[in-house]
Amino acid sequence: MSAAPVVAVVVAGGLGSRFGGPVPKQVRSLTGKAVVAVAVESLAAGGCTEAVVVVKDGMHNHFKMALAASPIPVRFVTGGATRQESVRNGLRAIAESPRLSKAGKVLIHDAVRPLVPAYVVKDVIEALGAGAEAVTPSVPVIDTIRCVDSETASHVVDRSTLRAVQTPQGFDRQVITECHDRLAADGLDVTDDVTCCEHYGYRVTLVEGSRMALKITEPLDLDIAETLVKATAGAGHHSGRRVRRAIKGLDPRRSRRHRT
């Protein structure tokens, strides 16, 4: 009997208004491949076996060409007016598929985080296997954060307990499907999918994220991602090894233990 699939819902239906240009940022080139293609490859390397890519209406052909050489099977779904609607459409496509509906685990990932390391994906999947219901990678906040009280006053927020949340976020499929359906029925909005589960009483588990999993929001972010890919690709040379050590220094894995 074949193992149950591990399905990734890849959200790629954003308008990209801050990025600009006629071509969606998800299909812009990142060292010769579309951003979304690099994202799907990263998910596959970490253990995802199928992908449901949620795209804006009218953009299916762009994404089909971009993912023609995907290492795992991909199906396409039209997104909704909001990210929440798009995720719900992706979850519905899983439930309606005879094969994908066998999945107990589902990951939800933003296509514009293409460089997420395989170990982060793997850690999310392993946390689900250990019984977690909702999992997210996170990294410590390194900037000083100020809260604005008024037009003329602000105060510093203690950053020691703050974490920046990333994707892919992982879920028990029945839990995330139920929570998104309830969220839609209640007419509520949340900023990410683990918050959706937390709102209905489920516990969120944190695993260590990576600063490599930067989010491509503006053109400069794509330039940075391109530089990181080229730097790690040159690791066979002495200069490349120095670059890789520098990058690792920015992204230490102090522990592989799951934190809640």
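In this text, all values refer to a predicted model and were calculated from it rather than measured experimentally.

## Comments concerning the overall build of the protein chain
Piece 1. Each helix and strand in the protein chain was counted, giving eight helices and twelve strands.
Piece 2. Summarising the internal contacts of the protein chain: among those between residues at least 6 apart in sequence, 70% fall at separations of at least 24.
Piece 3. Counting every atom, the protein chain has about 13200 Å² of accessible surface; 53% of that belongs to carbon and sulfur.

## Some thoughts on the UniProt feature "site: Positions MEP for the nucleophilic attack" (unreviewed entry) in the protein chain
Piece 1. Per the UniProt record, "site: Positions MEP for the nucleophilic attack" (unreviewed entry) is annotated on Arg 159 and Lys 215.
Piece 2. With respect to the helices and strands, the residue Arg 159 is situated in the loop between β9 (154-157) and β10 (163-165).
Piece 3. Setting aside chain neighbours within four positions, we find Arg 159 in contact with Val 141, Ile 142, Asp 143 and Thr 144.
Piece 4. Mapping Lys 215 onto the fold places it in the loop between β12 (204-208) and α7 (219-233).
Piece 5. Once residues lying within four places of it in the same chain are set aside, the contact partners of Lys 215 are Val 112, Arg 113 and Asp 221.

## Side note on the environment of Gln 26
Piece 1. By the secondary structure assignment, Gln 26 is in the loop between β1 (6-12) and β2 (29-30).
Piece 2. Judged by its relative accessible area of 3%, Gln 26 is buried.
Piece 3. A sequence separation of 15 residues divides Gln 26 from Val 11, and the C-alpha atoms of the two residues are 9.6 Å apart.
Piece 4. A polar contact of 3.3 Å, which involves the side chain of Gln 26, links it to the backbone oxygen of Ala 12.

Thresholds applied
Residues numbered from 1 in each chain as written. Predicted model: local features only at pLDDT ≥ 70, side-chain atom pairs only at ≥ 80, totals over all residues. Heavy atoms only, no water. Helix = DSSP H or I, 4+ residues; strand = E, 2+ residues; numbered from the N terminus. Contact = heavy atoms within 4.5 Å. Areas by Shrake-Rupley, 256 points an atom, 1.4 Å probe, with all protein chains shown as cover. UniProt positions renumbered as here; feature names shortened; annotations may be inferred. Buried < 20%, exposed > 50% of the residue type's maximum accessible area, 1.4 Å probe, protein only. Polar contact = N/O pair within 3.5 Å; in protein donor to acceptor, adjacent residues only side chain to side chain.

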